[in-house]
Structures are given as C-alpha cells and as structure tokens.
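What follows is the residue order along each chain.
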Amino acid sequence: MLEWDETEFIGILEVIPEVIEDEGGGPFYVFNVSNKGIELELTIFPFEEDVRFRLFRCGENTALLEYQIMGCKFARHHIGTDNDSYLSFISKTGIEVTVIVKPDIQVLISE
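These numbers come from a predicted model, not from an experiment. (Residues numbered from 1 in each chain as written. Predicted model: local features only at pLDDT ≥ 70, side-chain atom pairs only at ≥ 80, totals over all residues. Heavy atoms only, no water.)

> Just checking my understanding: could you explain the packing of aromatic side chains for this structure?
Any pair of aromatic rings gets described here by the distance separating the centres and the angle formed by the planes. Counting across every chain of the model gives seven aromatic pairs. Measuring from ring centre to ring centre gives 6.3 Å for tryptophan 4 and phenylalanine 31, while their planes differ by 85°; the resulting arrangement is edge-to-face. Taken together, the residues span a long stretch of sequence, with tryptophan 4 in the segment before helix H1 (6–13) and phenylalanine 31 in strand E2 (residues 28–35) at a distance of 27 residues. For the pair shown, tryptophan 4 and phenylalanine 31 are each scored as buried. Among the aromatic residues, those joined into a ring-pair cluster are Trp4, Phe9, Tyr29, Phe31, Phe53 and Phe89. (Phe/Tyr/Trp six-rings, centres within 6.5 Å; stacked < 30°, edge-to-face > 60°. Helix = DSSP H or I, 4+ residues; strand = E, 2+ residues; numbered from the N terminus. Buried < 20%, exposed > 50% of the residue type's maximum accessible area, 1.4 Å probe, protein only.)

> Mind showing me how you'd approach the sheet that holds strand E9 (residues 106–110) here?
Sheets are built from strands paired through backbone hydrogen bonds, the pairs being either parallel or antiparallel. The strand order across the open sheet built from four strands is E6-E7-E8-E9, with neighbouring strands paired in antiparallel fashion. The open sheet has two edge strands, strand E6 (72–78) and E9, and neither has a second partner. With direction set aside, neighbouring strand axes in the sheet form an average angle of 15°. Where strand E8 (residues 96–100) lies against E9, five bridges are found, and the strand directions are antiparallel. Considered in E9, the bridge of threonine 98 is made with leucine 108. (Pairing = 2+ DSSP bridges. Axes fitted to C-alpha atoms, helices over the stretch in contact; angles between N-to-C directions.)

> Sorry if this is basic, but what is going on with the sheet that holds strand E5 (residues 65–70) here?
If you trace the five strands from one edge of the open sheet to the other, you get E1-E2-E3-E4-E5, paired in antiparallel fashion. Of all the strands in the sheet, the pair left with one neighbour each is strand E1 (18–20) and E5. Each adjacent strand pair in this sheet contributes to an overall mean axis angle of 15°, direction not counted. Sheet topology places strand E3 (residues 38–45) next to strand E4 (residues 50–57); eight bridges connect them, and they run antiparallel.

> Got a minute to help me understand the side chain of threonine 43 in this structure?
Looking at where threonine 43 falls in the secondary structure, it is placed in strand E3. Sequence-distant contacts of threonine 43, defined by excluding residues within four places in its chain, comprise Phe28, Tyr29, Val30, Asp50, Val51 and Arg52. (Contact = heavy atoms within 4.5 Å.)

> What is the right way to read the nonpolar core from this model?
The nonpolar side chains of a soluble globular protein tend to be buried with one another. Counting residues in hydrophobic clusters, the biggest one holds 24 residues, and the most contacted among them are Phe9, Leu40, Leu42, Ile44, Phe53 and Phe89. Every element with two or more residues in this core is listed here: H1, E2, E3, E4, E6, strand E7 (86–91) and E8. (Core = buried A, V, L, I, M, F, W, Y, C linked by side-chain atoms within 4.5 Å.)

Next comes the structure, spelled out in structure tokens:
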C-alpha cells in the first residue's frame, strides 16, 4: 500500500480531493488544481500503489501530459514558504516525480 498523508497533500495542493470508491481495489483520490490557465489532475491509487499525473489547459479535455507511476511505495512532501512546497513520488525503479503548484504548476520527472 502507498504510504502518503492526505492532510499534507491538501495543505500543499490547497484542494480537497474527490474520493471515488472502486469496487475492486478500495478508494482512490483525485486532486484537481488550477493555476494560471493550467490544470493538474493528480490521482492517488493507494491500494494499487499507483499515481497518475495529468496536465490540461483549463477548459480543454485533451491532456498536455499524462504520466503514471505504477508501483509507487511512498510519497514525501516538503512544506516551506508559500512558493517552495512540493510533493515527490518515488517509483520502485527509482524514477522520481516532483509536483509543484506555486507559483506555477510543474511536474518534474527525473531518474
């Protein structure tokens, strides 16, 4: 199961997630954050250990970026001043995805 802290995610993203009950694997959590014409949809599947990142232009249905970590064991967070808080996700294979929402939405992928 993915280790994460929903309260810290809410604090950094400044939105309450939509909790969707999944019959097969337990609930999953969808955070939608909009900033400066860009929307981030961050979906956490804690029981499946998956995290999905999707970026859109506000009001459009086609994703600019869609990326998913399958087998994410934990998420860490850093809470700093207004503009340096972030979430970071590490895959089993060592790929790290960092999500920043202030001052601009950023999804950074590194190995």
